[in-house]
Amino acid sequence: MAEAAVTAQRRSRITPERAAELYAAVLDLLREVGYDALTMDAVAARTRSSKATLYRQWGGKAELVVKALRHNKPGKVEDIDTGSLRGDLHAVVSMEDDCTMEQNSALMRGIAMAIHQNPDLRQAFQELLIEPEMAEFQRVLQRAVARGEVRPDCPALDFMLHMMVGGFVTRALLDEQPPTRAFLTSYVDAVVLPALGVRTG
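Residues numbered from 1 in each chain as written. Predicted model: local features only at pLDDT ≥ 70, side-chain atom pairs only at ≥ 80, totals over all residues. Heavy atoms only, no water.

Student: I would appreciate a short explanation of unusual backbone geometry in the present structure.
Tutor: Most peptide bonds are trans, and most residues other than glycine sit at a negative phi. Phi at Arg 48 is positive, roughly 55°, even though this residue is not glycine. A residue is classified by how much of its surface remains accessible, and Arg 48, at 80% relative accessible area, is exposed. Here Glu 176, not a glycine, exhibits a phi torsion of approximately 55°, which is positive. Relative to the helices and strands, Glu 176 resides in the loop between α9 (160-175) and α10 (181-195). (Buried < 20%, exposed > 50% of the residue type's maximum accessible area, 1.4 Å probe, protein only. Helix = DSSP H or I, 4+ residues; strand = E, 2+ residues; numbered from the N terminus.)

Student: I keep staring at the packing of aromatic side chains and nothing clicks. Help me out?
Tutor: What characterises a pair of aromatic rings is the spacing of the ring centres plus the angle enclosed by the ring planes. Tallied over the full model, the rule gives two aromatic pairs. Relative to Trp 58, the ring of Tyr 23 has its centre 5.7 Å away and its plane inclined at 65°; by these criteria the two rings are edge-to-face. Linking Tyr 23 in helix α2 (residues 16-33) with Trp 58 in helix α4 (residues 51-58), this pair joins segments that are 35 residues apart in sequence. The side chain of Lys 61 reaches across the aromatic face of Tyr 35, ending 4.2 Å from its centre. A cation sits over an aromatic face here: Arg 171 above Phe 183, 4.3 Å from the ring centre. (Phe/Tyr/Trp six-rings, centres within 6.5 Å; stacked < 30°, edge-to-face > 60°. Lys NZ or Arg CZ within 6 Å of the ring centre and 35° of its normal.)

Student: Got a minute to help me understand empty space enclosed by the protein in this structure?
Tutor: To find leftover empty space, a probe the size of one water molecule is rolled over the atoms. Under the criterion given, the structure shown has one cavity of 30 Å³ or more. The volume enclosed by the largest cavity comes to roughly 40 Å³. Forming the boundary of the largest cavity are Ser 105, Met 108, Arg 109, Phe 168, Val 169 and Ala 172. When grouped by side-chain class, the residues that make up the lining of the largest cavity number four nonpolar, one polar and one charged. (1 Å grid on protein atoms, 1.4 Å probe; cavity = no way out; pocket = protein on both sides within 12 Å on 5 of 7 lines; lining within 4 Å. Points joined across faces, edges and corners; volume = space filled by probe spheres on them. Nonpolar A, V, L, I, M, F, W, Y, C, P; charged D, E, K, R; others polar.)

Student: Please clarify how the layout of surface pockets should be interpreted in this entry.
Tutor: The volume enclosed by the largest pocket comes to roughly 1,000 Å³. Lining the largest pocket we find 34 residues, and of these Lys 73, Met 108, Glu 133, Val 165 and Phe 168 sit closest to its centre. Contributions of two or more residues to the lining of the largest pocket are made by α6 (85-93), α7 (98-115), α8 (119-146), α9 and α10. Grouping the amino acids of the lining of the largest pocket by side-chain chemistry returns 26 nonpolar, four polar and four charged. Taken together, 15 residues form the lining of the second largest pocket, with Leu 30, Gly 34, Tyr 35, Gly 110 and Ile 111 sitting closest to its centre. Looking at the lining of the second largest pocket element by element, the count peaks at seven residues for α7. Among the residues making up the lining of the second largest pocket, the classes are represented as nine nonpolar, four polar and two charged.

Student: I tried to follow the packing of helix α5 (residues 61-71) against α8 on my own but got confused; where do I start?
Tutor: Helices that pack against each other are described as a pair by the angle of their axes relative to one another and the distance between those axes. Packing of α5 against α8 leaves a shortest axis separation of 8 Å and a crossing angle of 25°. Put simply, α5 runs roughly parallel to α8. The interaxial crossing formed by α5 with α8 has right-handed handedness. Residues Ala 62, Glu 63, Val 66, Lys 67, Leu 69 and Arg 70 of α5 touch α8, and the partners they reach there are Asp 120, Leu 121, Ala 124, Phe 125, Leu 128, Leu 129, Pro 132, Glu 133 and Glu 136. Taken together, the residues of the contact of α5 with α8 sort by class into nine nonpolar, no polar and six charged. (Axes fitted to C-alpha atoms, helices over the stretch in contact; angles between N-to-C directions. Parallel < 35°, antiparallel > 145°, perpendicular 65-115°, else oblique. Left-handed = near helix turned anticlockwise from the far one by under 90°. Contact = heavy atoms within 4.5 Å.)

Student: Explain the packing of α2 against α7 to me, please; I cannot follow it from the model alone.
Tutor: One can describe the packing of α2 onto α7 by two numbers: an axis separation of 10 Å at closest approach and a directional angle of 70°. The orientation of α2 relative to α7 falls into the category roughly perpendicular. Across the interface between the two elements, Leu 27, Leu 30 and Arg 31 from α2 touch Gln 103, Asn 104, Leu 107 and Ile 111 from α7. Partitioning the contact of α2 with α7 into residue classes produces four nonpolar, two polar and one charged.

Student: For this particular structure, what's the right way to read α2?
Tutor: The periodicity of an α-helix, 3.6 residues per turn, causes residues three or four places apart in sequence to face the same way. Compared with the 26 Å implied by 1.5 Å per residue over 18 residues, the 26 Å span of α2 between its first and last C-alpha is a close match. Residues Ala 19, Leu 22, Tyr 23, Ala 25, Val 26, Leu 27, Leu 29 and Leu 30 constitute the buried set of α2. Taken together, the buried residues of α2 touch α3 (40-47), α4, α5 and α7. Just downstream of α2, Gly 34 is the residue with a positive phi angle, here 85°. (Expected span 1.5 Å × (residues − 1).)

Coordinates in, geometry out; function isn't part of it.
Below is the structure:
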């Protein structure tokens, strides 16, 4: 217990403001060189910090990159509560402007490729990003079920995040265009809500 407390104390020495600076620098490097070419040495040089500090705080490149991606999110999905599932999902889409979506779409395509070749990145991505995101969407859906908007036995409930991510990712792959608020809002109304049995008309 004492050892765990000391470790936690060491890991908390970096202020939230400093962590935000580091995360921004990591994402910049990620966009410039990609995951495989990104090194802790480069992050240390870019942020004028010691490599030892980076390893002490984040353990390694995979955790640092995924936490930077998580920090880059504009807010928590579960905090959105407009009173209807349609309103909630439209609000989720509106959390980022079109320019930010385009940047993040390119970033996530690069990460998706790296995940297949880096088991440590895959594990960190699953534990630190995917699982928390699924839990947040689950709470939004639970509220919709409690309001009577979605049947509790609706089979599409288990695929909510798959549908949302699918629209975001395949826009670039199939249409060779970046995702936009207009596209994703239409996608929510035409695909996601009907799958959940929610009427949009």
